[in-house]
Amino acid sequence: MPLKVHKDIASLVPYAPGKPIEELERELGIACAVKLASNENPRGPSPKARAVLSEAAHTLNRYPDGGGHRLRGALAERWKVTPDHVILGNGSDEIIGLLVRAFLSPGDEAVMADQTFPIYRMEVRAAHGAAVEVPLKDWRHDLPAMADAVTARTRLLFVCNPNNPTGTIVSAAEVDALMARVPEQVIVVFDEAYCEYVRSRDFPDSLGFVKQNRHVIALRTFSKIYGLAGLRIGYGVTTPEITGYLNRVRPPFNANSLAQRAALAALEDEEHVVLSRAMNQAEMAAVRAGLGALGLHPVPSDANFLFFDVGRDGRAVFEALLREGVIVRHIAGRMLRVTIGLPEENERFLQALKKVLAK
Ligand SMILES: *Cc1c(COP(=O)(O)O)cnc(C)c1O
């Protein structure tokens, strides 16, 4: 008998992660591929996080602290809230799923940008909800149009800030205007995976809304500037009421013990964050200049990646770059996204792109 699968699940397309380096090296028979596809920190994890892992390994026979007390306590202190405002996730990805599971019933709606982090749409559809996609305007979230898209069935509204894949931000004034219009029954999700890279002074204070007890959650992660993507640890800061509901659907040991321990150490390693941010800033300027020399004009970015129109079929360029040992992301049509890497990686990328475009 054929399996019975709901059409909302059967119609999903599995998330395509950035190609792993080892896989490309095997395929090409080379040993020095460069991965600039998943917005990871090219400088590696915080040395302080690395140092605590071997010690933490001694207690791997024990279940993790399901309450995540030390890490939640440190995060609460950092953000000037109480620990019951903080929830940990197996990556912030997981918290997106928990939000959908807790608050979105079949037929309910979630408002999001049309070109944004694909996990929102995937989770909403898997929960038999409707993803209401609002077109970006000049590659930025169109918050007035997103507010217009809210209906009585809307439960969640996602603002990815900076937006992945475009790197653009929305300002504090734009968010204030949104928050003045969004009805109480909607939870506004600020996905701030790249906030540590932002340089604009206009960046909104999402935690300020949480502290005013608005229905807001800020999602943060240790996967990006903290360099711990492989460990899977992220968190949300929101009202105790919302963490209370999220905890009802949270798997009890979702944040593993190594991740909790390493995140705690990484949080205290301000030097690693500062150096990573500085290198990103300098190297982004270099990559931007290199692309400019090829006649390409990336969208201004507040994150650790650049989004650009390559002027021809993006998939073909993406594949030609793979054959040069350079992994980037093809987003759609002519648009590519490249993560800012180490200086030598960025140079490899620019040389490879120059070669590919000369053909
Ligand atoms: C990378 C990323 C995340 C973080 O995912 P984790 O599950 O914490 O690794 C979340 N949101 C966006 C927009 C991202 O790009």
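What counts and what doesn't
Residues numbered from 1 in each chain as written. Predicted model: local features only at pLDDT ≥ 70, side-chain atom pairs only at ≥ 80, totals over all residues. Heavy atoms only, no water. Patch = residues over 30% accessible without salt bridge, like charges linked within 9 Å, V, L, I, M, F, W, Y side chains within 5 Å. Areas by Shrake-Rupley, 256 points an atom, 1.4 Å probe, with all protein chains shown as cover. Salt bridge = Lys/Arg side-chain N within 4 Å of Asp/Glu carboxyl O. Helix = DSSP H or I, 4+ residues; strand = E, 2+ residues; numbered from the N terminus. Buried < 20%, exposed > 50% of the residue type's maximum accessible area, 1.4 Å probe, protein only. Domains from an automatic or database assignment. Contact = heavy atoms within 4.5 Å. Buried area = accessible area lost by both parts, 1.4 Å probe. Polar contact = N/O pair within 3.5 Å; in protein donor to acceptor, adjacent residues only side chain to side chain. Nonpolar A, V, L, I, M, F, W, Y, C, P; charged D, E, K, R; others polar. Lys, Arg positive; Asp, Glu negative; His and termini not counted.

Visitor: Looking at this structure, I do not really get a nonpolar patch on the surface. What am I missing?
Guide: Residues Leu 3, Val 5 and Ile 9 make up a contiguous nonpolar surface patch of about 310 Å² in total accessible area. Note on placement: Val 5 falls in the segment before α1 (7-10). Residue class for Val 5 comes out partly exposed when judged on its relative accessible area of 47%.

Visitor: Please explain the domain arrangement of the protein chain as it appears in this structure.
Guide: Many descriptions give the size of an interface as the accessible area lost when the pieces come together. As assigned here, the protein chain comprises domain 1 (7-44 + 271-358) and domain 2 (60-267). Between the C-alpha centres of domain 1 and domain 2 there is a distance of 25 Å. Between domain 1 and domain 2, the contact holds 27 residues from the first and 27 residues from the second. Buried area between domain 1 and domain 2, both sides added, is near 2300 Å², and the carbon and sulfur share of it is 64%. Considering only the side of domain 1, the residues that lose the most area to domain 2 are Tyr 15, Asp 302 and Phe 307, jointly responsible for 25% of the buried surface there. Counting across the interface, domain 1 meets domain 2 through zero salt bridges. Counting the contacts that link domain 1 with domain 2 gives eight residue pairs in polar contact (both at pLDDT 80 or more). At the level of secondary structure, the elements contributing two or more residues to the side of domain 1 that touches domain 2 comprise α1, α12 (270-293), β9 (305-309) and β12 (335-339). Split by residue class, the side of domain 1 that touches domain 2 holds 12 nonpolar, 10 polar and five charged.

Visitor: Please clarify how the side chain of Glu 109 should be interpreted in this entry.
Guide: With respect to the secondary-structure elements, Glu 109 resides in strand β3 (residues 109-113). Comment: no salt bridge for buried Glu 109; closest opposite-charge side chain is Arg 153, at 6.1 Å. Of note is the side chain of Glu 109, whose polar atom sits 2.7 Å from the side chain of Thr 151.

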